[in-house]
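# Structure at a glance
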Amino acid sequence: MIMQKSRNTKLYFGITLITLCVILFVVLAIFVKLGKVSALNNWFYNIFAKPIQNNGLTNFFMVFTYLGNFFVLLIISLCFLFKKQKKDAVFLVLALIFVSILTFLIKFIIKNPRPEGVALIDESGYSFPSAHTSLTATTLTLIAYFLSKQTGKKWLKILIWIISIILVFSVCYSRIYLGVHFFTDIIAGLLLSIIVVTLFIMLYNLKPANSKAKPKL
């Protein structure tokens with residue numbers, strides 16, 4: 001009974017979180033489509049990116065940003081097969097493909113152009129939401145979730161999550177620093193990632209309705 005209540009609580013929390021993020025995403029998309037976020041995007045870029053640009057940081061972020069590439073993340077996800085964690089690998093790959101398709105569909109619906117005149121690297125396609133952000137956040141968050149479940153050491157769990165968060169936000173920031181995405185693109189990518197991660201964790205922990213413990217004889 002207690003386990004059933006705990007399972008239901010997690011289910012309700014997951015559904016609530018997904019619903020909240022969907023609402024926030026839709027509201028943000030509407031504001032972007034109406035052109036109401038330019039001041040916020042310009043403020044963030046001019047305060048947190050442009051003033052610190054230099055050759056060293058630019059070269060660093062030009063390399064670092066490739067962590068958000070689909071094929072790089074796919075290779076990282078498939079590494080779980082070598083650890084004989086087939087279920088984890090399958091869920092990682094499916095989540096990566098799902099969030100990729102979802103992100104690019106939304107890009108072609110919103111059709112928001114990329115920043116003009118500030119890009120430090122060549123990028124094509126639409127801006128909203130940031131694919132690098134949604135793909136990286138989804139994959140690395142799920143990896144952190146799977147790895148943390150495999151260890152009973154609290155300090156190691158914390159370390160895994162800290163590394164994951166640092167990597168995700170570094171990739172997110174690199175997109176703004178390099179001038180290929182707006183701040184609101186990043187927020188949208190993170191919201192999309194939360195939706196997909198929550199959904200896939202719920203599916204990962206889903207148990208068949210008929211999977212009941214056999215009574216002891």
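Residues numbered from 1 in each chain as written. Predicted model: local features only at pLDDT ≥ 70, side-chain atom pairs only at ≥ 80, totals over all residues. Heavy atoms only, no water.

Counting secondary structure elements, the chain contains eight helices and zero strands. Listing every helix and strand of the chain by position from the N terminus yields α-α-α-α-α-α-α-α. Projecting the C-alpha coordinates of the chain onto the three principal axes gives extents of approximately 75 × 35 × 30 Å. Across the 217 residues of the chain, 41% fall into the buried class. Carbon and sulfur atoms provide 72% of the accessible area of the chain, an area that totals close to 13100 Å². With 22 positive and 5 negative side-chain charges, the chain shows a separation of 24 Å between the mean positions of the two kinds. (Helix = DSSP H or I, 4+ residues; strand = E, 2+ residues; numbered from the N terminus. Buried < 20%, exposed > 50% of the residue type's maximum accessible area, 1.4 Å probe, protein only. Areas by Shrake-Rupley, 256 points an atom, 1.4 Å probe, with all protein chains shown as cover. Lys, Arg positive; Asp, Glu negative; His and termini not counted. Charge placed at Lys NZ, Arg CZ, Asp CG, Glu CD.)

A few words now on the confidence of the model for the chain. For the chain, per-residue confidence averages 90 on the pLDDT scale, and residues scoring 70 or more make up 93% of the total. Within the model, pLDDT remains below 50 along residues 213-217, and this stretch shows zero contacts once partners closer than five positions in the same chain are excluded. (pLDDT = per-residue confidence, 0-100. Contact = heavy atoms within 4.5 Å.)

So, about the pattern of salt bridges. Within this structure, the stated rule accounts for one salt bridge. Glu123 is paired through a salt bridge with Arg175; the nearest N and O atoms lie 2.8 Å apart. On the criterion of sequence distance, the pair formed by Glu123 in the loop between helix 5 (86-110) and helix 6 (131-149) and Arg175 in helix 7 (residues 154-177) is long-range, its members being 52 residues apart. Accessibility expressed as a relative area gives 33% for Glu123, which makes it partly exposed. (Salt bridge = Lys/Arg side-chain N within 4 Å of Asp/Glu carboxyl O.)

Here the focus is unusual backbone geometry. Cis geometry marks the peptide bond from Phe128 to Pro129, where omega comes out at -5°. Note on placement: Pro129 falls in the loop between helix 5 and helix 6. Positive phi is not limited to glycine here, since Lys111 has a value of about 55°. As for its position among the elements, Lys111 is in the loop between helix 5 and helix 6. Overall, Lys111 belongs to the partly exposed group, its relative accessible area being 47%.

The next point concerns the packing of aromatic side chains. Given two aromatic rings, one states the distance between the centres and the angle between the planes to describe the pair. Going through the model one piece at a time under the given rule, you end up with 19 aromatic pairs. On the numbers, 5.6 Å between centres and 40° between planes, the contact of Phe25 with Phe128 is tilted. Placement of the pair is Phe25 in helix 1 (residues 2-33) and Phe128 in the loop between helix 5 and helix 6, with a sequence separation of 103 residues. Overall, Phe25 belongs to the buried group, its relative accessible area being 9%. Within the aromatic cluster, the residues linked to one another by ring pairs are Phe80, Phe91, Phe98, Tyr145, Phe146, Phe200 and Tyr204. Over the face of the ring belonging to Tyr204 we find Lys87, whose NZ or CZ atom lies 4.2 Å from the ring centre. (Phe/Tyr/Trp six-rings, centres within 6.5 Å; stacked < 30°, edge-to-face > 60°. Lys NZ or Arg CZ within 6 Å of the ring centre and 35° of its normal.)

The grouping of Arg7, Lys10, Lys87, Lys149 and Lys207 at the surface amounts to a positive patch. Mapped onto the secondary structure, Arg7 falls in helix 1. (Patch = residues over 30% accessible without salt bridge, like charges linked within 9 Å, V, L, I, M, F, W, Y side chains within 5 Å.)

The complete set of buried residues in helix 4 (residues 70-82) reads Leu73, Leu74, Ser77 and Phe80. End-on view of helix 4: buried residues confined to an arc of 105°, all on one side of the axis. Among the exposed residues of helix 4, those oriented more than 90 degrees off its buried face are Phe71, Ile75 and Phe82. As for helix 4, its buried residues are in contact with helix 5 and helix 6. (Arc of directions from axis to C-beta.)

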